[in-house]
Amino acid sequence: EAGVAQSPRYKIIEKRQSVAFWCNPISGHATLYWYQQILGQGPKLLIQFQNNGVVDDSQLPKDRFSAERLKGVDSTLKIQPAKLEDSAVYLCASSYITGTLNEQFFGPGTRLTVL
Amino acid sequence: QKEVEQDPGPLSVPEGAIVSLNCTYSNSAFQYFMWYRQYSRKGPELLMYTYSSGNKEDGRFTAQVDKSSKYISLFIRDSQPSDSATYLCAMSPTSGTYKYIFGTGTRLKVLA
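Calculation criteria
Residues numbered from 1 in each chain as written. Chains lettered and ligands numbered in written order. Predicted model: local features only at pLDDT ≥ 70, side-chain atom pairs only at ≥ 80, totals over all residues. Heavy atoms only, no water. Salt bridge = Lys/Arg side-chain N within 4 Å of Asp/Glu carboxyl O. Buried < 20%, exposed > 50% of the residue type's maximum accessible area, 1.4 Å probe, protein only. Pairing = 2+ DSSP bridges. Helix = DSSP H or I, 4+ residues; strand = E, 2+ residues; numbered from the N terminus. Axes fitted to C-alpha atoms, helices over the stretch in contact; angles between N-to-C directions. Disulfide = S-S within 2.5 Å. Contact = heavy atoms within 4.5 Å. Buried area = accessible area lost by both parts, 1.4 Å probe. Nonpolar A, V, L, I, M, F, W, Y, C, P; charged D, E, K, R; others polar.

K.L.:
Mind showing me how you'd approach the pattern of salt bridges here?
P.N.:
Oppositely charged side chains can pair when the atoms bearing their charge come close. In total, this model carries six salt bridges over all chains according to the counting rule given. Across the pair Lys62(A) and Asp57(A) runs a salt bridge, and its minimum N-O distance is 3.8 Å. With a relative accessible area of 26%, Asp57(A) lands in the partly exposed category. Residues Glu45(B) and Arg37(B) are paired through a salt bridge, measuring 3.2 Å at the closest nitrogen-oxygen approach. Classification of Glu45(B) by relative accessible area gives partly exposed; the value is 34%.

Listed below in structure tokens is the structure:
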């Protein structure tokens, strides 16, 4: 079974630039998550999708971050404009269903550096 | 106060030692307790999960939950250099979106 795919793996940008990350979840997984992991901290949930609908985006900085999951499969997370404090690893995870505990499978992450 | 507290370490132990990793939490609604392992430059992978209180054993790993003290532990017996990683605890309630709240992670290094 293929795992969660993410690209790019690394990205370096200047502050105020925009950046986009892509995630392809495990086939058949209806729930998709984007997490932000700042160095030395645990992952923090940014947004959770169930199919192509948003379940939880309470911690997404909506003035600069946006995410979409068209057709309920792949997802993109965008930051515009980026700030220095956005430097982090952005992890995508997927699980089979929501509404009960289901193991979240994580991708390798995209490491973003904002200069 | 953070919902989940975890000592960031780093923790260095000799090969073969018993390792104890711990988390405390404040939200009594948490019912699912998970331990994830994260190798450098990789995503987290689930090691074990426990529902409510009690112990769970899987090979060299034992997870314990003490809900009365709001304290969870992961024990690693006969630790190996390949166990060197960051260990993240995560917790979830049994309602709503089952949102995971992660600890900061403890960096573990097992010395050969």
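Additional details are given in the paragraphs that follow.
K.L.:
For this particular structure, what's the right way to read the sheet that holds strand 3 (residues 19–24) of chain A?
P.N.:
Backbone hydrogen bonds are what pair the strands of a sheet, in a parallel or an antiparallel way. Residue and element names in this part refer to chain A. Taking strand neighbours across the sheet as the criterion, the four strands line up as 1-3-8-7 in an open arrangement whose pairing is antiparallel. At either margin of the open sheet sits one strand with a lone partner, and together these are strand 1 (5–7) and strand 7 (65–68). Neighbour-to-neighbour, the strand axes of the sheet open up by a mean angle of 15°, direction not taken into account. Both strand 1 and strand 3 contribute to a ladder of three bridges, which runs antiparallel.

K.L.:
Just checking my understanding: could you explain the state of the cysteines for this structure?
P.N.:
Two cysteines, two sulfur atoms, one covalent bond between them: this is a disulfide. All names here are of chain B. Tallied over the entire structure, the rule returns two disulfides over all chains. Disulfide pairing is shown between Cys 23 and Cys 89; the S-S distance is 2.0 Å. Around the S-S axis, the bridge from Cys 23 to Cys 89 shows a dihedral of about -105° and counts as left-handed. Highlighted residues: Cys 23 in strand 3 (residues 19–25) and Cys 89 in strand 9 (residues 85–93), separated in sequence by 66 residues. As far as the burial class goes, Cys 23 and Cys 89 line up, both buried.

K.L.:
Got a minute to help me understand the interface of chain B and chain A in this structure?
P.N.:
By a widespread convention, an interface's size corresponds to the accessible area lost as its parts come together. Taken together, the contacts link 18 residues of chain B with 26 residues of chain A. Buried surface at the junction of chain B and chain A, both sides included, amounts to about 1,800 Å², of which 55% is carbon and sulfur. Note that Lys99(B) and Asp56(A) form a salt bridge whose closest N and O atoms lie 3.8 Å from each other. Secondary structure elements with two or more residues in the side of chain B that touches chain A: strand 4 (30–38) and strand 5 (45–51) of chain B. Class assignment of the residues belonging to the side of chain B that touches chain A gives a composition of ten nonpolar, five polar and three charged.

K.L.:
I'm lost on unusual backbone geometry in this one. Help?
P.N.:
Trans peptide bonds make up the majority, and among non-glycine residues the majority have a negative phi. Residue Pro8(A) is reached from Ser7(A) by a cis peptide bond, and omega for that bond is -10°. With respect to the helices and strands, the residue Pro8(A) is situated in the loop between strand 1 and strand 2 (10–13). Going from Gly9(B) to Pro10(B), the amide bond is cis rather than trans, its omega being 10°. Here Pro10(B) is to be found in the loop between strand 1 (4–6) and strand 2 (11–14). Notably, Asn51(A) is not glycine yet its phi reads approximately 55°, a positive angle. Among the secondary structure elements, Asn51(A) is positioned in the loop between strand 5 (44–50) and strand 6 (53–56). A relative accessible area of 39% places Asn51(A) in the partly exposed class.

K.L.:
Mind showing me how you'd approach the sheet that holds strand 8 (residues 71–76) of chain B here?
P.N.:
Residues and elements named next belong to chain B. Pairing is antiparallel across the open sheet formed by five strands, whose spatial order is 1-3-8-7-6. With partners counted over all chains shown, the strands left at the sheet margins are strand 1 and strand 6 (54–58), one partner each. The mean angle between the axes of side-by-side strands here comes to 15°, regardless of whether they run parallel or antiparallel.

K.L.:
Would you take a moment to explain the pairing of strand 9 of chain B for this structure?
P.N.:
A regular strand places its side chains on the two faces of the sheet in alternate fashion. Residues and elements named next belong to chain B. Counting buried positions along strand 9 gives nine out of nine residues, so the element sits mostly inside the fold. Where strand 4 and strand 9 come together, eight bridges link them in antiparallel fashion. Each residue of the ladder has a partner; that of Tyr 36, found in strand 9, is Leu 88. By the bridge criterion, three bridges tie strand 9 to strand 11 (residues 106–111) in an arrangement that is antiparallel. The residue of strand 11 that forms the bridge with Ala 85 is Leu 108.

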